Amino acid sequence: MKAYLAKKLIAFPVILIGVSMLIFVSIRALPGDPARLMAGPEATQEAVDAMRVRLGLDQPLVAQYLHFAGDVLHGNLGVSLQSQQPVTQEIAERMPYTLMLAVLAYFLAVAVGVPAGMIGAVYRNRWPDFGVMLLAIAGASVANFWLGLMAMNTFSVNLGWLPLLGATSWKSYILPSVTLAVLPMAVMARMTRSSMLDVLSEDYIRTARAKGLSATTVYCSHAFRNALIPIVTIVALNFGSLIGGAVVTESVFNWPGIGRLLVDSVRYRDYPVIQGVALVAVCGVVVMNLLGELLIAFLNPKIRFD
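Under an unreviewed UniProt entry, the protein has the name ABC-type dipeptide/oligopeptide/nickel transport system, permease component and belongs to Rahnella aquatilis. Quoted verbatim from the Sequence similarities (unreviewed entry) field of the UniProt record, the comment on the protein reads "Belongs to the binding-protein-dependent transport system permease family. OppBC subfamily."

This is how it looks when you write it as structure tokens:
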């Protein structure tokens, strides 16, 4: 296990370096000139050139990246071109809102998706299975922004039960978290059903039933335990998708998280904020994937020797 952990930890910084390069180059491929935006639409070319020098955009791309990487190693993500505030401060102020929203959506997706998949597998080709799969297909097909708008129109505008926009109280978390949880919930339900069906067809399940064990013991203690590995994999990976889905959800609900911050920064070509938010989000996804792989290796020791 120590050797497996060491190999994963060595790969971690290599992945981050590659991702940081990709983020850095991709951002600079965006249309628009941040120097022009900062100088103003009526600024002269001399003023724009002076602003470009001030922002360091006149340097070669390699030099810009090395400067960026050096600052990141010292915990400095730069200063926002719009607010003139440190990027780390802006991210720190908005990160709790995104994390709380993602964690609520995550637990909701697991709490509903995994049991729904088990029900679908246990009642295969019967009406509970058809109902679960119908809802799972609908959840995986519906657009996130459309679902959010419909939820706002129904529960906020028409019924007046929940707040419409922003994060004003605990009720404000309900609609965004449910909207964000629908897609991973559907994915988890389908994956759990598929994994459970594979296990339920094994000989040891028939042996357990022949021994007279109760259905609860067979399904929960034998089948579900052996179906955990693909379920854990998809559960870990779906936390990363929640971070990505938060960008759309936060924009729809005007949520004060890093997803909304990223959208606003792209609009104004605020390179430091875009780089900082993207890098922090990627780090979170990589860490969750690493924890998922370690958990899988703990559940199945054979994986450690692959």
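On we go from here.
Caption draft 1: Representation of the domain arrangement of the protein within the structure. When the domains of the protein are assigned, the result is domain 1 (32-76) and domain 2 (91-299). Between the C-alpha centres of domain 1 and domain 2 there is a distance of 39 Å.

Caption draft 2: Structural view of the packing of aromatic side chains. Overall, the coordinates contain four aromatic pairs when judged by the stated rule. With 6.5 Å between their ring centres and 85° between their planes, Y97 and W255 make a pair best called edge-to-face. With Y97 in helix α5 (residues 87-122) and W255 in the loop between α11 (228-252) and α12 (258-267), this pair connects stretches of sequence that are 158 residues apart. Overall, W255 belongs to the buried group, its relative accessible area being 0%.

Caption draft 3: Expanded view of helix α10 (residues 215-226). Here α10 is twelve residues long and its end C-alpha atoms lie 16 Å apart, about the 16 Å a rise of 1.5 Å per residue gives. Residues V218, Y219 and A223 constitute the buried set of α10. When α10 is viewed along its axis, its buried side chains cluster within an angular range of 85° and face the same direction. What points out from α10, more than 90 degrees from its buried face, is the exposed set T216 and R225.

Caption draft 4: Quick look at unusual backbone geometry. Backbone geometry at N125 places phi at a positive 60°, although glycine is not the residue there. Residue N125 is classed as exposed on the basis of its relative accessible area of 53%. For N254, which is not glycine, the phi dihedral falls at a positive 50°. With respect to the secondary-structure elements, N254 resides in the loop between α11 and α12.

Caption draft 5: Local environment of α5. The terminal C-alpha atoms of α5, which comprises 36 residues, lie 50 Å apart, in line with the 52 Å expected from a rise of 1.5 Å per residue. The largest bend along α5 reaches roughly 40° and is located at R94, with the proline P96 sitting one to four residues downstream.

Thresholds applied
Residues numbered from 1 in each chain as written. Predicted model: local features only at pLDDT ≥ 70, side-chain atom pairs only at ≥ 80, totals over all residues. Heavy atoms only, no water. UniProt positions renumbered as here; feature names shortened; annotations may be inferred. Domains from an automatic or database assignment. Phe/Tyr/Trp six-rings, centres within 6.5 Å; stacked < 30°, edge-to-face > 60°. Helix = DSSP H or I, 4+ residues; strand = E, 2+ residues; numbered from the N terminus. Buried < 20%, exposed > 50% of the residue type's maximum accessible area, 1.4 Å probe, protein only. Expected span 1.5 Å × (residues − 1). Arc of directions from axis to C-beta. Bend = angle between axes of the 7 residues up to and from the residue.

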